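# Coordinate inspection notes
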Amino acid sequence: MSDVITQAVTALNAKMDGGFDGLAKFVVEDEGAIMIDRDGARAGDEPAEVTLTASRDTFEGILNGDQNPTAAFMTGKLSIDGDMGKAMQLAAVLG
């Protein structure tokens, strides 16, 4: 597991107040994947209701609040595969 994923898991768990009602996967290109569910965030790569994929820079921007997730999606920096409703719920949890 990369240091980026380890640090992201820690940051996501600190940022989220509790878990996420569903199962989401965030793929950070060339680094790995993070699973987010009722228990919070953890490193992992398994099937999910929604998968979000972005570069390391875009992911870090979303995580630290410099990049709006909706804007990232609209400009092609963030791709979403699966349940768009869950993606929107996740954006609200992370915001």
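Before any of the text, the structure's been laid out above.
In what follows, the accompanying structure is described. All values derive from a computational prediction rather than experimental measurement. (Residues numbered from 1 in each chain as written. Predicted model: local features only at pLDDT ≥ 70, side-chain atom pairs only at ≥ 80, totals over all residues. Heavy atoms only, no water.)

### Side note on a nonpolar patch on the surface
Formally: For patches, a residue must show more than 30% relative accessible area and have no salt bridge; joins then use 9 Å for like charges and 5 Å for nonpolar side chains, namely Val, Leu, Ile, Met, Phe, Trp and Tyr. The Shrake-Rupley method, run with a 1.4 Å probe sphere, supplies the accessible areas, and residue values consider only the shown protein chains as cover. We count a salt bridge whenever a side-chain nitrogen from Lys or Arg sits within 4 Å of a carboxyl oxygen from Asp or Glu. Only runs of H or I of at least four residues qualify as helices and only runs of E of at least two qualify as strands under DSSP, and these elements are numbered from the N terminus.
Taken together, the side chains of Phe73, Met74, Met84 and Met88 present a nonpolar region at the surface, about 430 Å² in accessible area. When contributions to the nonpolar patch are tallied by element, the ones reaching two or more residues are α3 (69-74) and α4 (84-94). Relative to the assigned elements, Met74 resides in helix α3.

### Comments concerning the side chain of Asp37
Selection rule: Three labels apply to residues, based on accessible area from a 1.4 Å probe with only protein chains included: buried if under 20% of the type maximum, exposed if over 50%, partly exposed otherwise in between. The term polar contact refers here to a pair of N or O atoms within 3.5 Å; inside protein, the definition further demands a hydrogen-donor-capable atom paired with an acceptor-capable atom, and it admits residues adjacent in sequence only when both atoms are side-chain atoms. Contact between two residues is taken to exist if any of their heavy atoms lie within 4.5 Å; hydrogens are not considered.
The topology assignment puts Asp37 in strand β2 (residues 32-37). Asp37 sits in the buried class, given a relative accessible area of 13%. For Asp37, the side chain forms a polar contact with the main-chain nitrogen of Asp39, separated by 2.9 Å. Apart from the residues lying within four places of it in its own chain, the contact partners of Asp37 are Gly19, Phe20, Gly22, Leu23 and Arg42.

### Examining the packing of aromatic side chains
Threshold: For this analysis, a ring pair means two rings from Phe, Tyr or Trp (six-membered ring only for Trp) whose centres lie within 6.5 Å, classed as stacked if their planes differ by under 30 degrees, edge-to-face if by over 60, and tilted for the remaining angles.
Within the structure shown, the criterion is met by 1 aromatic pair. Ring geometry for Phe26 against Phe59: centres 4.5 Å apart, planes inclined by 65°, an arrangement best described as edge-to-face. One end of the pair, Phe26, is in strand β1 (residues 24-28); the other, Phe59, is in helix α2 (residues 56-64), with 33 residues separating them in the sequence.

### Regarding α4
Applied cut-off: Arc definition: it is the arc formed by the directions from the helix axis to the C-beta atoms.
All of the buried residues along α4 are Lys86, Ala87, Leu90 and Leu94. Seen from one end, α4 has its buried residues packed into an arc of 100°, which puts them on one side. Those residues of α4 that are exposed and aimed more than 90 degrees away from the buried face are Met88 and Ala92. Residues of α4 that are buried in the fold lie against α1 (3-15), β1, β2, β4 (50-54) and β5 (78-82).

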